[in-house]
Amino acid sequence: MRRPTPAVGVLAGAAALLLAGCGSDSGSSSSSEGSSGQGGITVSGAYMPQPVSDDMAAGYLTIANDSGTKDELTSVTSSAGEITMHETAGGAMQELTELPVPAHGQLVFKSGGNHLMFDKLKRKPKQGQIISVELHFASSDPVVVKMPVKSATYVPKTGH
Ligand code: CU
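Being a predicted model, the structure only gives us computed values, none of them experimental. (Residues numbered from 1 in each chain as written. Predicted model: local features only at pLDDT ≥ 70, side-chain atom pairs only at ≥ 80, totals over all residues. Heavy atoms only, no water.)

Focus on the coordination of the copper ion
Every protein donor of the copper ion is accounted for by His86 (ND1), Met93 (SD), His115 (NE2) and Met117 (SD), and the metal-donor separations fall at 2.0 to 2.3 Å. One can describe the donor arrangement at the copper ion as tetrahedral, given that its 4 donor atoms subtend angles of 89 to 121° at the metal. Along the chain, the residues donating to the copper ion fall in the pattern H-x6-M-x21-H-x1-M. Of this pair, Met93 sits in strand β6 (residues 92-96) while His115 sits in strand β9 (residues 115-119), and the two are 22 residues apart along the sequence. (Donors = N, O, S within 2.8 Å, 3.2 Å for Na, K, Ca; no water. Tetrahedral: all angles 85-135°; square planar, octahedral: opposite > 155°, others 65-115°. Helix = DSSP H or I, 4+ residues; strand = E, 2+ residues; numbered from the N terminus.)

Brief notes about the pairing of strand β5 (residues 82-89)
Bridge analysis of β5 against β9 gives 5 bridges, and the strand direction is antiparallel. Within β9, the residue paired with Ile83 across the bridge is Phe118. Across 5 bridges, the pairing between β5 and β6 is antiparallel. Of the residues in β6, the one forming a bridge with His86 is Glu95. Hairpin connection from β5 to β6: 2 residues lie between these consecutive antiparallel strands, with Gly90 at a positive phi of about 60°. (Pairing = 2+ DSSP bridges.)

A few points about the pattern of salt bridges
Scanning the entire structure with this criterion turns up 2 salt bridges. A salt bridge links Lys124 to Asp54, with the nearest nitrogen and oxygen atoms 3.9 Å apart. Here the residue Lys124 occupies a position in the loop between β9 and β10 (130-137), and Asp54 occupies one in the loop between β2 (41-49) and β3 (57-65), the gap between them amounting to 70 residues. Lys124 gets classed as partly exposed once you look at its relative accessible area, which sits at 28%. Between Glu82 and Lys120 there is a salt bridge whose closest N-O contact spans 3.5 Å. (Salt bridge = Lys/Arg side-chain N within 4 Å of Asp/Glu carboxyl O. Buried < 20%, exposed > 50% of the residue type's maximum accessible area, 1.4 Å probe, protein only.)

Focus on the confidence of the model for the chain
Caution applies to low-pLDDT parts of the model: their predicted coordinates are not meant to be read in detail. Averaged over every residue, the pLDDT of the chain is 82; residues scoring 70 or more account for 74%. With pLDDT under 50 throughout, residues 5-38 is counted as low confidence; its partners more than four residues away or in other chains account for 21 contacts. (pLDDT = per-residue confidence, 0-100. Contact = heavy atoms within 4.5 Å.)

Quick word on the pairing of β2
Bridging between β2 and β3 involves 5 bridges; their strand directions are antiparallel. Each residue of the ladder has a partner; that of Ser44, found in β3, is Thr62. Sheet topology places β2 next to strand β11 (residues 143-150); 2 bridges connect them, and they run parallel. Across the sheet, Met48 pairs through a bridge with Val149, a residue of β11.

Comments concerning the nonpolar core
Membership of the largest hydrophobic core comes to 28 residues, with the highest contact counts inside it found for Leu61, Ile63, Leu73, Leu116, Phe118 and Leu135. Residues in contact with Phe118, not counting those within four places in the same chain, are Met48, Asp55, Met56, Ala57, Ala58, Gly59, Glu82, Ile83, Ile131, Val133 and Met147. (Core = buried A, V, L, I, M, F, W, Y, C linked by side-chain atoms within 4.5 Å.)

A short note on the environment of Pro100
With respect to the element layout, Pro100 can be found in strand β7 (residues 99-101). The residues touching Pro100, leaving out its near neighbours within four places in the chain, are Asp71, Glu72 and Leu107.

In structure tokens, the structure reads:
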């Protein structure tokens, strides 16, 4: 009874807020993983765990919208292969055709949730490589993201 479920939910929310604060402070030290576009869209924390499969992989990133206008992510493209946007709902993956990026909000792709699904990859991504992907929005200009390939077991830091 030390941790009733509702309190855990609240804590998780607080941790997410703390993380967002940390991210903007320590962004310069994590080097070139983020990139900026016009229209208040910024992308951070992009990575791809080195895939097991030869031609399929997942990718994760966070899209922040600093403007007062909501936008939508409408597609993601790459010369490396085909990319679709997926959500994980009840343990099953479902393809999405657009995802909202709320005004002054974030669209988060992370393990176990929304993810970018790479398919028909021309060659298997290896740790240390960089995959270039282009995000397309309903309103904002496209944003090019350099997505580093991490180890297969890489997990982004979720707290201190
Ligand atoms: Cu998927």
